Amino acid sequence: VTGQAAPPRLAIALCADLESTHGLDLATLAAELAELDAGAGVEVVTDLCHDPARLAELISRTAVDRLVLGLCTQPRAPHDFQAQVRKRGLDPFALELLSLAGAGPAAARLLAAAAARLRAFPGSRPEQLKLRLLSLEDRRSRRSLFTLPPSTYEPVASVAGAVCLGEERCGLCLSACPVGALTAVGGKAAVDRDVCVSCGICVGLCPAGAIGLPGASLAQYEAELAVLLSAESPRILFSCRRAGEDDAATANGWLPVAVPCLGMVAAGWILQALAGGAVAVALRSCGEACRGGRAAEVAQRIAYCRSLLALLGEPSPDERVVLGAPLPEDVPVFPAPGGADAAGPAVTLREPAASAQALLRLHRQHGSPAAQVLAHEGSPLGLVQVREETCTACGACPTVCPTGALVLDEGGEETVLSFDPRLCIACGRCVPVCPEQDHDTLVLRRATDLAALAEGRVVLKRAASARCRRCGRPIAPRAMLDRIAGLLGEEESPELLDLVSGLCTDCR
Amino acid sequence: MARSTRRTKAVADGGARLGDLAELRGAGYGILSLLLSYPDDEQALRRAALAAELERGTGVLGGFAFFPRVRSLLERLSALDEEGAAQLEAEYLDLFVLGGAQAPCPLYESAYVDRRGRDRGLAMVAVERAYAQAGIALGPAAGGELPDHASLELEFLSQLCAREAEAWRARAAEEAVARLESERRFLDRHLLRWFPSLVRRVAASAEGSFYVDVAEAAHAFLIHERDLIGLLLEAQRAPAATAE
């Protein structure tokens, strides 16, 4: 029943009409596909675009459980294909429909990318499926009151409670959800299925990777992007699904990655594409009626990426990171970045690793720029600094740091507060919890510091630990105890202060 | 071309009559109730009859996402030999029965909802009241089982579906809608409140067991039902608003 062990069996089905409608040579296409994705079986199906029922025969004959369909146009009723897949007992989202209308020579690459994305699909959980009845609005007759109209399934986000960091430590998704579908239940995030619009914004933002959305998981986009970036001088187009397919852009050589909402595309995604060899990255939104309300953030991310490229010495950053339609037909081919880095690390899209890894890679590819620091509102990473004079190493800030950028190490002779800029997502949770904020002790800047990223973890504050005079175990940082003593001042008895600062809780 | 698409759609998942659908949904609850009851010979007998009913409805149910899970459970169950059946019984006892309230995953709502645990508390009284309101009393077939047992709660919904089916067939849409509403109420107030915890506990205490799949399939079915009932109610309201 579970079938977790067996790898998915995948087939790529091509509509036989592709030859006549778009002049694609299916034999050549199949050969190209075999080179890009040896594991996928390629099937040519007559009249596939118009007769979804043909899938039934294909599934029972080939015994596949994942299907990529190469179609002549975007189908008018995609739910008919989904219904066929469901009827054969497959996952409703184990299906990728791909219009090859504008694909031309990129057809094989696009199909292989869809296949990679489907392979990376972990399968949907029951709570990630939402049933929807079709054609409710068409039901007028009295008789139709007694029949069930055809139905389809849509994906809904769900939170893995065991992985979620919880409201105390993180809570980023709760405030980011544009429709308020995420609330804290028992300290962990939970999705209200009736409210969720499946925009995927929370998926892209969860630092723990606890939120799943069928068809829009980070693992799927990572797999898809890896295949697209392996093209020659690739141009990546992140496109809002609601904007529909842009066949003209595809015909002009843009390789589309469809996302449920552009708000999901973090700066790290753009940087990953650039670092992975994309000559240009474009973002195409569904327009001003963005259901995620993220138009401003998207613009800011683009501005950040351009500023960063400028910092690195790129001559025309505006042509490498592009917003909206119409997309340029021709992007000047930029000199390939440093060859030493050609076979880079695998694409990762989870922040903050996505941004940090890509920034370091871009930095290496471009050599040392004159300036190293970019302060920008759209920076996906942040920098924390503390005033050593007033920080007591009390350890409040690490307890609310969702990514572990701030760490307090109490193990040794000293209590050490350290910070890793590669892990800081500038969420700002550490600022309000600092008890010494009257003295501006902890400062968070939304900024990217390339040198700091290369350096990694740094010590922010070192404080000698006070030790129990009876058993020798560390009690607390000396600086913190002194600060408490200072706050209590004359009013408290010296005996009590001595007890608190001289003995551990067990020995008191 | 257009005709072929239309025909495909009708074959694929269109046009189930709500009476038939309610009856099949009832069979779904019935099967899950059975799967969570004690696995003895009597269960095996009733299982065959319910499985046949479910199979007859494949055309309607086949398109629903929960169906493949339920079907594969039935297939696995009917493929069991004597040794397998004995092992299943042992699994059932270990997971749900032995230890009473301290069993790894008791099958009683009050064990999850009632703060004091399983002692005929308020949670169980509420379940009893829901049965009484629907005019359903526990008969001798319940075998003296407490009313908040998962199997009985599921069977209760199966009964509600049967009545809903009758109402649709008698063209009594209002009564059918009332049944749907009581089904939804019972799901929200009872089964869906504690089932997620049960699923987690079963998964944690018996990895790979048949009952992990049973609990997950039942949970999937319940979530699906919650959605479907909501949509059916919405569909009934929508045309009423535009009618004459």
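Residues numbered from 1 in each chain as written. Chains lettered and ligands numbered in written order. Predicted model: local features only at pLDDT ≥ 70, side-chain atom pairs only at ≥ 80, totals over all residues. Heavy atoms only, no water.

**Some details on the overall build of chain B**
Here is step 1 of the chain: When helices and strands are counted, chain B shows 11 helices and one strand.
Here is step 2 of the chain: Helices (α) and strands (β) of chain B occur, in sequence order from the N terminus, as α-β-α-α-α-α-α-α-α-α-α-α.
Here is step 3 of the chain: Here chain B, with 244 residues, has 52% of them falling under the buried criterion.
Here is step 4 of the chain: A separation threshold of at least 6 residues defines the contact pool for chain B, and within that pool the share at least 24 residues apart is 68%.
Here is step 5 of the chain: In the structure as shown, chain B presents an accessible area of about 11500 Å², 51% of it carried by carbon and sulfur atoms. (Helix = DSSP H or I, 4+ residues; strand = E, 2+ residues; numbered from the N terminus. Buried < 20%, exposed > 50% of the residue type's maximum accessible area, 1.4 Å probe, protein only. Contact = heavy atoms within 4.5 Å. Areas by Shrake-Rupley, 256 points an atom, 1.4 Å probe, with all protein chains shown as cover.)

**Describing the overall build of chain A**
Here is step 1 of the chain: Looking only at helices and strands, chain A has 18 helices and 23 strands in total.
Here is step 2 of the chain: Principal-axis analysis of the C-alpha atoms places the extent of chain A at approximately 90 × 60 × 45 Å.
Here is step 3 of the chain: Buried positions account for 53% of the 508 residues belonging to chain A.
Here is step 4 of the chain: Nonlocal contacts in chain A, meaning residues at least 24 apart in sequence, comprise 71% of its contacts between residues at least 6 apart.
Here is step 5 of the chain: Accessible surface, chain A as shown: approximately 21700 Å² in total, 52% of it carbon and sulfur.
Here is step 6 of the chain: When the 48 positive and 57 negative side-chain charges of chain A are each reduced to one mean point, those points stand 6 Å apart. (Lys, Arg positive; Asp, Glu negative; His and termini not counted. Charge placed at Lys NZ, Arg CZ, Asp CG, Glu CD.)

**Some points on helix α11 (residues 295–311) of chain A**
Here is step 1 of the chain: The end-to-end C-alpha distance of α11(A) is 24 Å, a good match for the 24 Å that 17 residues give at a rise of 1.5 Å each.
Here is step 2 of the chain: Immediately beyond the C-terminal end of α11(A), within one or two residues, lies Gly313(A), with a positive phi of roughly 95°. (Expected span 1.5 Å × (residues − 1).)

**Regarding a nonpolar patch on the surface**
Here is step 1 of the chain: The grouping of Val179(A), Val195(A) and Val197(A) at the surface amounts to a nonpolar patch, some 160 Å² of accessible area in total.
Here is step 2 of the chain: Relative to the helices and strands, Val179(A) resides in the loop between α6 (172–176) and β9 (182–185). (Patch = residues over 30% accessible without salt bridge, like charges linked within 9 Å, V, L, I, M, F, W, Y side chains within 5 Å. Salt bridge = Lys/Arg side-chain N within 4 Å of Asp/Glu carboxyl O.)

**Here's the deal with the pairing of strand β14 (residues 280–284) of chain A**
Residues and elements named next belong to chain A.
Here is step 1 of the chain: Of all five residues in β14, five are buried; the element is thus mostly enclosed.
Here is step 2 of the chain: Where strand β12 (residues 235–240) and β14 come together, five bridges link them in parallel fashion. By the bridge assignment, Ile 236 is partnered in β14 with Val 281.
Here is step 3 of the chain: By the bridge criterion, three bridges tie β14 to strand β15 (residues 321–323) in an arrangement that is parallel. Note that in β15 the partner of Ala 282 across the bridge is Val 322. (Pairing = 2+ DSSP bridges.)

**What about the confidence of the model for chain B?**
All names here are of chain B.
Here is step 1 of the chain: Mean pLDDT over chain B works out to 84, with 88% of the residues at or above the 70 mark.
Here is step 2 of the chain: The weakest mean pLDDT in chain B belongs to helix α1 (residues 2–13) at 38; the strongest belongs to helix α9 (residues 150–169) at 94.
Here is step 3 of the chain: For the stretch residues 1–15, pLDDT sits under 50, and the model shows 25 contacts to residues farther than four places along the chain or on other chains.
Here is step 4 of the chain: For residues 240–244, every residue scores under 50 in pLDDT, and the model assigns this stretch zero contacts once sequence neighbours within four places are set aside.
Here is step 5 of the chain: Overall fold confidence (pTM) sits at 0.88, and the ipTM for the predicted complex is 0.82. (pLDDT = per-residue confidence, 0-100.)

**Some thoughts on the pattern of salt bridges**
Here is step 1 of the chain: Under the definition given, this model contains 31 salt bridges over all chains.
Here is step 2 of the chain: Glu389(A) is the partner of Arg387(A) in a salt bridge, and the nearest nitrogen-oxygen pair spans 3.5 Å.
Here is step 3 of the chain: Of the residues examined, Arg387(A) reaches a relative accessible area of 36% and is grouped as partly exposed.
Here is step 4 of the chain: Here Asp188(B) ties to Arg226(B) by a salt bridge, and the two come within 2.6 Å at their closest N and O atoms.

**Let's talk about the sheet that holds strand β3 (residues 66–71) of chain A**
Backbone hydrogen bonds hold the strands of a sheet together, and the pairing may be parallel or antiparallel.
All names here are of chain A.
Here is step 1 of the chain: The sheet built from four strands is open, its strands ordered β2-β1-β3-β4 with parallel pairing. The open sheet terminates on both sides in strands that have one partner only, identified here as β2 (41–45) and β4 (95–99). Put simply, the sheet's adjacent strands are angled 20° from each other on average, direction ignored.
Here is step 2 of the chain: Inspection of the sheet shows strand β1 (residues 10–15) paired to β3 by five bridges, in the parallel sense. Directly across from Leu 14, in β3, lies its bridge partner Gly 70.
Here is step 3 of the chain: The sheet strands contacting helix α2 (residues 26–36) are β1 and β2, and the helix crosses β1 at an angle near 160°.
Here is step 4 of the chain: Lying on the sheet, helix α3 (residues 54–62) is in contact with β1, β2 and β3; it crosses β2 at an angle near 145°. (Axes fitted to C-alpha atoms, helices over the stretch in contact; angles between N-to-C directions.)

**Thoughts on the sheet that holds β15(A)**
All names here are of chain A.
Here is step 1 of the chain: With parallel pairing, four strands are arranged side by side in an open sheet as β13-β12-β14-β15. On the outer flanks of this sheet lie β13 (254–259) and β15, each paired with one strand and no other. Neighbour to neighbour, the strand axes of the sheet diverge by 20° on average, direction disregarded.
Here is step 2 of the chain: Here helix α10 (residues 267–275) sits on the sheet in contact with β12, β13, β14 and β15, set at roughly 150° to β14.

**Examining the packing of aromatic side chains**
Here is step 1 of the chain: Using the criterion set out here, one finds 15 aromatic pairs over all chains in the structure.
Here is step 2 of the chain: With 5.3 Å between their ring centres and 50° between their planes, Tyr221(A) and Trp269(A) make a pair best called tilted. Of this pair, Tyr221(A) sits in helix α8 (residues 218–229) while Trp269(A) sits in helix α10; the two residues are 48 residues apart in sequence, bridging distant segments of the chain.
Here is step 3 of the chain: The class for Trp269(A) is buried, based on a relative accessible area of 0%.
Here is step 4 of the chain: Pairing Phe66(B) with Phe221(B) gives two aromatic rings, centres 4.8 Å apart and planes at 80°, and the pair type is edge-to-face. In this pair, Phe66(B) sits in the loop between α4 (58–61) and α5 (67–78) while Phe221(B) sits in helix α11 (residues 210–242), placing the two residues 155 residues apart along the sequence. (Phe/Tyr/Trp six-rings, centres within 6.5 Å; stacked < 30°, edge-to-face > 60°.)

**Regarding the nonpolar core**
Burial of nonpolar side chains together is a common tendency in soluble globular proteins.
Here is step 1 of the chain: Of all hydrophobic cores here, the largest spans 107 residues; its most connected members are Leu69(A), Ile236(A), Phe238(A) and Trp269(A).
Here is step 2 of the chain: When residues in this core are grouped by element, the largest group, 10 residues, is from helix α5 (residues 107–119) of chain A.
Here is step 3 of the chain: Discounting residues that sit within four places of it in the chain, Phe238(A) has contacts with Leu225(A), Val257(A), Leu262(A), Val265(A), Trp269(A), Val281(A), Ala282(A), Leu283(A) and Arg284(A).
Here is step 4 of the chain: By size, the runner-up hydrophobic cluster in this structure holds 79 residues, among which are Leu131(A), Leu36(B), Tyr112(B) and Leu180(B). (Core = buried A, V, L, I, M, F, W, Y, C linked by side-chain atoms within 4.5 Å.)

**Thoughts on the environment of Gln128(A)**
Residues and elements named next belong to chain A.
Here is step 1 of the chain: Locating Gln 128 in the fold gives a position in the loop between α5 and β5 (129–133).
Here is step 2 of the chain: We classify Gln 128 as buried; its relative accessible area is 7%.
Here is step 3 of the chain: Taking the C-alpha atoms as reference points, Gln 128 and Ala 485, separated by 357 residues in sequence, lie 54 Å from one another.
Here is step 4 of the chain: Residue contacts for Gln 128: discarding those within four places in its chain leaves Phe 93, Gly 123, Glu 154, Pro 155, Val 156, Ser 158, Arg 193, Gly 212, Leu 213 and Pro 214.
Here is step 5 of the chain: Of the polar contacts made by the side chain of Gln 128, one reaches the side chain of Ser 158; its length is 3.0 Å. (Polar contact = N/O pair within 3.5 Å; in protein donor to acceptor, adjacent residues only side chain to side chain.)

**As for the side chain of Asp449(A)**
All names here are of chain A.
Here is step 1 of the chain: Relative to the helices and strands, Asp 449 resides in strand β21 (residues 447–449).
Here is step 2 of the chain: Look at Asp 449: it is buried, it has no salt bridge, and the nearest opposite charge is Arg 445 at 5.6 Å.
Here is step 3 of the chain: Here Ala 451 takes part through its backbone nitrogen, which lies 3.0 Å from a polar atom of the side chain of Asp 449.
Here is step 4 of the chain: Reaching out from Asp 449, the side chain makes a polar contact with the backbone nitrogen of Ala 452 at a distance of 3.1 Å.
Here is step 5 of the chain: For Asp 449, the contacting residues outside a window of four places in its chain are Gln 372, Val 373 and Leu 383.

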